[in-house]
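Examination of the molecular architecture
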Amino acid sequence: MSADSVTAPETRHALVVEDEEQIAYLLRFILSREGFVVEVANDGRAAQELIAKMPPPALVMLDVMLPFVDGYRLLSDIRAREDWSGVPVIMLTAKSQEKDIVRALDAGASDYVVKPFKPEELRARVKRLVKGAVS
Ligand code: CA
């Protein structure tokens with residue numbers, strides 16, 4: 001066994017910001033199965049509080065339309081923090097808001113998923129962005 005292969009199992013956190021309970025539940029379920037420890041914020045204000053106090057996670061899933069503070073604002077908060085600037089952020093958007101995807105990508109989103117999404121699609125996008133995500 002080479003020294004390179006001996007790495008301590010690393011706890012990977014994912015931050016999910018989503019106000020629709022069923023989608024938040026589904027995201028928590030999918031990401032937990034991928035080995036993430038999942039933190040959920042159900043509105044923009046709660047997300048700001050979490051972002052202020054948690055270390056940079058391995059992944060952020062960020063809904064665009066949220067109570068109090070929207071996903072664009074949160075994305076710019078995230079990108080403004082030096083230690084969070086490289087964190088992969090996948091935006092969640094509704095079909096009717098598909099045109100807003102350009103705005104999200106311009107603002108620094110890594111990728112996006114249109115709701116309703118297929119779990120397999122979500123998993124594929126997460127694996128593309130997060131190295132070492134288990135299958
Ligand atoms: Ca929403």
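Residues numbered from 1 in each chain as written. Predicted model: local features only at pLDDT ≥ 70, side-chain atom pairs only at ≥ 80, totals over all residues. Heavy atoms only, no water.

**Considering the environment of L122**
- Topologically, L122 is positioned in helix α5 (residues 119-129).
- Residue L122 is classed as buried on the basis of its relative accessible area, which comes to 0%.
- For the pair formed by L122 and I30, sequence separation is 92 residues and the distance between their alpha carbons is 8.5 Å.
- Residues contacting L122, with those up to four places away along its chain left out, are L27, I30, M61, V113 and F117. (Helix = DSSP H or I, 4+ residues; strand = E, 2+ residues; numbered from the N terminus. Buried < 20%, exposed > 50% of the residue type's maximum accessible area, 1.4 Å probe, protein only. Contact = heavy atoms within 4.5 Å.)

**A few points about the packing of aromatic side chains**
- For the structure shown, the criterion picks out 0 aromatic pairs.
- The lysine or arginine in question, R12, covers the ring of F36, its NZ or CZ lying 4.6 Å from the ring centre.
- Directly above the ring of Y72 sits R103, whose terminal nitrogen or CZ lies 3.7 Å from the centroid. (Phe/Tyr/Trp six-rings, centres within 6.5 Å; stacked < 30°, edge-to-face > 60°. Lys NZ or Arg CZ within 6 Å of the ring centre and 35° of its normal.)

**Observations regarding the coordination of the calcium ion**
- Coordination of the calcium ion by the protein involves D19 (OD), D63 (OD) and M65 (O), with metal-donor separations of 2.0 to 2.3 Å.
- Sequence positions of the donors to the calcium ion reduce to the motif D-x43-D-x1-M. Separated by 46 residues along the polypeptide, D19 in the loop between β1 (12-17) and α1 (21-33) and M65 in the loop between β3 (59-63) and α3 (71-80) bring together distant segments of the chain.
- Of the residues examined, D19 reaches a relative accessible area of 30% and is grouped as partly exposed.
- Overall, the relative accessible area of 49% leaves M65 in the partly exposed class. (Donors = N, O, S within 2.8 Å, 3.2 Å for Na, K, Ca; no water.)

**Quick word on the side chain of R12**
- As for its position among the elements, R12 is in strand β1.
- Lacking a salt bridge, the buried R12 has E34 as its closest oppositely charged neighbour, with an N-O distance of 6.3 Å.
- Separated by 2.9 Å, the side chain of R12 and the backbone oxygen of E34 make a polar contact. (Lys, Arg positive; Asp, Glu negative; His and termini not counted. Salt bridge = Lys/Arg side-chain N within 4 Å of Asp/Glu carboxyl O. Polar contact = N/O pair within 3.5 Å; in protein donor to acceptor, adjacent residues only side chain to side chain.)

**A word on the sheet that holds strand β2 (residues 36-41)**
- Spatial ordering of the open sheet is given by β2-β1-β3-β4-β5, a layout of 5 strands whose pairing is parallel. Of all strands in the sheet, those bounded by a partner on one side alone are β2 and β5 (111-115). Each strand axis lies, on average, 20° off the axis of its neighbour in the sheet, ignoring direction.
- As paired strands, β3 and strand β4 (residues 89-94) are joined by 4 bridges and run parallel to one another. By the bridge assignment for β4, L62 is matched with M91.
- The strands touched by α1 are β1, β2, β3, β4 and β5; relative to β2, the strand with the most contacts, the crossing angle is about 165°.
- Running over the sheet, α5 touches β2, β3, β4 and β5 and is turned about 170° from β5. (Pairing = 2+ DSSP bridges. Axes fitted to C-alpha atoms, helices over the stretch in contact; angles between N-to-C directions.)

**Observations concerning the side chain of E18**
- For E18, the position within the fold is in the loop between β1 and α1.
- A polar contact of 3.0 Å, which involves the side chain of E18, links it to the side chain of K115.

So, to be careful, I would describe these as geometric facts and stop short of saying anything about function.
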